[in-house]
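# Commentary on secondary and tertiary structure
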Amino acid sequence: MIDTNTSSHRIGADCGNGTLTLYVDGKVIDSVTDYTYANGGVGLFAWSGLNISSADVTFDDFIMTSLK
């Protein structure tokens, strides 16, 4: 579902009311419902895969807004 022929991607997540929805370049990649955690914080990470010798990862223009 993710275009591998581009040099960058826009990622997003909607988290609220027990549902987490993940987006890449505006497309829904996955969604899950879990009411275990009612609140919390945000963290960013990157994983390049098992057999990758190097990777260049930049998080730019990070925005967090309330769904309320």
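In what follows, the accompanying structure is described. Nothing here was measured: the structure is a model prediction, and the numbers come from that model.

### A look at the side chain of T21
For T21, the position within the fold is in strand β2 (residues 19-24). What makes T21 buried here is its relative accessible area of 12%. Side chain to side chain, T21 and S31 meet in a polar contact 3.1 Å long. Those residues in contact with T21 that lie beyond four places of it in its chain are G12, A13, D14, V28, D30 and S31.

### Some details on unusual backbone geometry
The backbone phi angle of N17 is positive, close to 55 degrees, even though this residue is not glycine. Along the chain, the position of N17 falls in the loop between β1 (11-16) and β2. Even without being glycine, D61 reaches a positive phi, approximately 60 degrees. By secondary structure assignment, the location of D61 is in the segment after β3 (27-33).

### Description of the pairing of β3
With six bridges joining them, β2 and β3 adopt antiparallel strand pairing. Looking at the pairing, T19 lines up with T33 of β3.

### Looking at the sheet that holds β1
Strand order in the open sheet made by the three strands is β1-β2-β3, with antiparallel pairing throughout. Where the open sheet ends on each side, the last strands, each with one partner, are β1 and β3. The mean inter-strand angle of the sheet, taken between neighbouring strand axes irrespective of direction, is 15 degrees. Relative to β2, β1 runs antiparallel, the two being bridged by six bridges. Residue pairing in the sheet places D14 in a bridge with T21 of β2.

### Here we look at the layout of surface pockets
Size it by volume and the largest pocket reaches roughly 2,400 Å³. Forming the boundary of the largest pocket are 50 residues, of which I11, G12, A13, L44 and F62 lie nearest the centre. Contributing elements (two or more residues each) for the lining of the largest pocket: β1, β2 and β3. The element that contributes the greatest number of residues to the lining of the largest pocket is β1, accounting for six residues. Residue classes in the lining of the largest pocket are distributed as 25 nonpolar, 18 polar and seven charged.

Calculation notes
Residues numbered from 1 in each chain as written. Predicted model: local features only at pLDDT ≥ 70, side-chain atom pairs only at ≥ 80, totals over all residues. Heavy atoms only, no water. Helix = DSSP H or I, 4+ residues; strand = E, 2+ residues; numbered from the N terminus. Buried < 20%, exposed > 50% of the residue type's maximum accessible area, 1.4 Å probe, protein only. Polar contact = N/O pair within 3.5 Å; in protein donor to acceptor, adjacent residues only side chain to side chain. Contact = heavy atoms within 4.5 Å. Pairing = 2+ DSSP bridges. Axes fitted to C-alpha atoms, helices over the stretch in contact; angles between N-to-C directions. 1 Å grid on protein atoms, 1.4 Å probe; cavity = no way out; pocket = protein on both sides within 12 Å on 5 of 7 lines; lining within 4 Å. Points joined across faces, edges and corners; volume = space filled by probe spheres on them. Nonpolar A, V, L, I, M, F, W, Y, C, P; charged D, E, K, R; others polar.

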